[in-house]
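One-letter residues, chain by chain:
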Amino acid sequence: MVVIDGPDPPLLTAAGLGKWYGGRVGCRNVDVVVWPGEVVGVVGESGSGKTTLLRCLAGMLAPGVGVVHYRTGEGTVVDVHALPEPRRRRLMRTEWGVVHQNPRDGLRMAVSAGANLGERLLAEGARHYGAVRSRALDWMADVELDTGRIDDRPHAFSGGMQQRLQIGRVLVNRPRLVFMDEPTGGLDVSVQARLLDLLRRLVAELDLAVVLVTHDLGVVRLLADRLLVMRGGEVVESGLTDQVLDDPQHGYTQMLVASVLPV
Amino acid sequence: MTVNLEARGLSKSFVLHAQGGIRLPVLCDFGLTVAAGECVALRGPSGAGKSTVLRLLYGNYRADSGTLRVAHGDGMVDLATAPPRLILAVRRQSIGHVSQFLRAVPRVPAEEVVAEPVRRCGVPTAEALDRARRLMARLNLPERLWRLAPATFSGGEQQRVNLARGLVAGHRTLLLDEPTAALDATNRAVVVDLIREVRAAGTAVVGIFHDQSVRHAVADRVVALAPFAETQGSAGSAPALG
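Source: prediction; values computed, not measured.

Before going further, it helps to examine the overall build of chain B. Within chain B one finds 8 helices and 10 strands. Taking 18 Å as the expected radius of gyration for a compact globule of 242 residues, we find that chain B reaches 18 Å, a close match to that expectation. With respect to the three principal axes, the spread of C-alpha positions in chain B is 50 × 45 × 40 Å. Within the span of chain B, comprising 242 residues, buried residues form 50% of the whole. Counting every atom, chain B has about 10,800 Å² of accessible surface; 51% of that belongs to carbon and sulfur. When the 29 positive and 21 negative side-chain charges of chain B are each reduced to one mean point, those points stand 4 Å apart.

As structure tokens, this is what we get:
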């Protein structure tokens, strides 16, 4: 296990993670290390355990075995699943963020775009309405939304706009670690391309660490520094993204790479 | 003599699991030492493994055995055994690879594609863009193209964007895969000048140059590669002609 210590310590480590649904394997024997500022992609087909792993890492799902450690902004190392519920919730609202595939799972659909963007700031203790609104406006522009629509509810936005709003809502208070589950899934390709460009820019500008789950190898090629390839709940191959995609060693990875349709 | 790149005993084979685990050996016991300011050309027929060697030297393909030491910071890093994060740092700061084809994020303007490697080294955006634009101007890329995404560019234009992106960060070691293949005579001459300039500044270059005149103009040495079956992978070294 990697110890979270030394001059260049990782942000998150998971060791021996396993999760079973009854007799069925969600994921097992998974070790993950995430360093500050790096994007770790998790790929594999449907049912390979990607989302189960993400939910275990993000503290949303208790693993059957294994442990997840996180180094907080104050430098203390916490066992994510041993934290009292309020501490874990606070972590999720402040230092972490989750971007869901379906923006409706991450947004409050009944309140305005501005209120969505301001929520994490208010949770952190911001109380000055004008300041919160002005940061919400900045973020509307940052995620390439029309600032004139800050008072509209997300219902009135297209799918691509909702996804950009969700990303703005998560990044508004500069989290250190963001979990993304198929952030470009369900969007048409032109909207996907724009979102990918936006994510790349924000990840670099904010020096974000990201765990990115996707089945789309094109997305990880452009966004991820490192890859984990999952099959049947286990990591079958891992390494630098371009090494894994250009020189896949495992039979399953070779099959995945060979299955991408050329345009 | 400062050595910027030193490969020893590199071997590589591909195992194709979908085809009954067939093993394709492509390189055996390959060695190469390149000093600062030196340019080595890889030569050989199609399929001899020239691009494979460049990809191995960049850490893009994983060597089965051997060492691959690259000058980085105050020392040398063995890319064959370095952890992924260290390989990324070496690529950011010390070694560049210009592939045959440009691979860019859709819809990102050419000048940002070119400036990105500089920005990733921590240079402010304005300065990075300035360096990118100067290099694009040098490579005769018309200014009206700079703000456009390269996906719609011609082959030669894309290749120059790719070259500019590869050269802009001023890496100490450069790997060039057919950098002039899609270029006309004028732009070939520009690329030859650029390669000579980076060499004069101390960059070590390993390249594949199909154009004989380009090869003679930039390289001091030629390393000949033959298809694996003919030679069992031995690579000879000969002085460049002319």
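With 22 residues of chain B at the interface, the matching set in chain A holds 24 residues. Carbon and sulfur atoms supply 48% of the area that chain B and chain A bury against each other, a total of about 2,100 Å² over both sides. Of all residues in chain B, the largest losses of buried area upon contact with chain A belong to Arg 62, Arg 85 and Arg 107 of chain B, amounting jointly to 34% of the total for that side. Linking chain B with chain A are 5 salt bridges. Salt-bridge contacts for Arg 200 of chain A lead to Glu 116 of chain B; the nearest nitrogen and oxygen are separated by 2.4 Å. In terms of residue count, the dominant contributor to the side of chain B that touches chain A is helix H2 (residues 84-93) of chain B (5 residues).

Right, let's get into the packing of helix H3 (residues 110-120) of chain B against helix H5 (residues 155-167) of chain B. Residues and elements named next belong to chain B. One way to put it is that H3 packs onto H5 with a least axis distance of 7 Å and a crossing angle of 25°. On the basis of their axis angle, the class for H3 and H5 is roughly parallel. Where H3 crosses over H5, the handedness of that crossing is right-handed. Taking contact as the criterion, the partners of Ala 110, Val 113, Val 114, Glu 116 and Pro 117 in H3 are, on H5, Val 161, Ala 164 and Arg 165. Taken together, the residues that form the contact of H3 with H5 break down as 6 nonpolar, no polar and 2 charged.

On to unusual backbone geometry. Positive phi values are uncommon outside glycine, yet Glu 182 of chain A reaches one of about 50°. Relative to the elements of secondary structure, Glu 182 of chain A occurs in the loop between strand E7 (177-181) and helix H7 (189-206). Classification of Glu 182 of chain A as buried rests on a relative accessible area of 8%. With phi around 55°, Asn 140 of chain B is a residue other than glycine that occupies positive phi space. In this structure, Asn 140 of chain B sits in the loop between helix H4 (125-138) and H5.

Moving on, we come to the sheet that holds strand E3 (residues 39-43) of chain A. Residue and element names in this part refer to chain A. In space, the 6 strands of this open sheet follow the order E6-E7-E8-E3-E9-E10, with mixed pairing throughout. Among the strands making up the open sheet, the edge pair consists of strand E6 (96-99) and strand E10 (234-240). Looking at each pair of strands side by side, their axes are set apart by 15° on average, direction ignored. Pairing of E3 with strand E9 (residues 226-231) involves 4 bridges; the strand directions are parallel. Residue pairing across strands places Gly 41 opposite Leu 227, the latter belonging to E9.

Basis of the calculations
Residues numbered from 1 in each chain as written. Chains lettered and ligands numbered in written order. Predicted model: local features only at pLDDT ≥ 70, side-chain atom pairs only at ≥ 80, totals over all residues. Heavy atoms only, no water. Helix = DSSP H or I, 4+ residues; strand = E, 2+ residues; numbered from the N terminus. Rg over C-alpha atoms; globule rule 2.2 N^0.38 Å. Buried < 20%, exposed > 50% of the residue type's maximum accessible area, 1.4 Å probe, protein only. Areas by Shrake-Rupley, 256 points an atom, 1.4 Å probe, with all protein chains shown as cover. Lys, Arg positive; Asp, Glu negative; His and termini not counted. Charge placed at Lys NZ, Arg CZ, Asp CG, Glu CD. Contact = heavy atoms within 4.5 Å. Buried area = accessible area lost by both parts, 1.4 Å probe. Salt bridge = Lys/Arg side-chain N within 4 Å of Asp/Glu carboxyl O. Axes fitted to C-alpha atoms, helices over the stretch in contact; angles between N-to-C directions. Parallel < 35°, antiparallel > 145°, perpendicular 65-115°, else oblique. Left-handed = near helix turned anticlockwise from the far one by under 90°. Nonpolar A, V, L, I, M, F, W, Y, C, P; charged D, E, K, R; others polar. Pairing = 2+ DSSP bridges.

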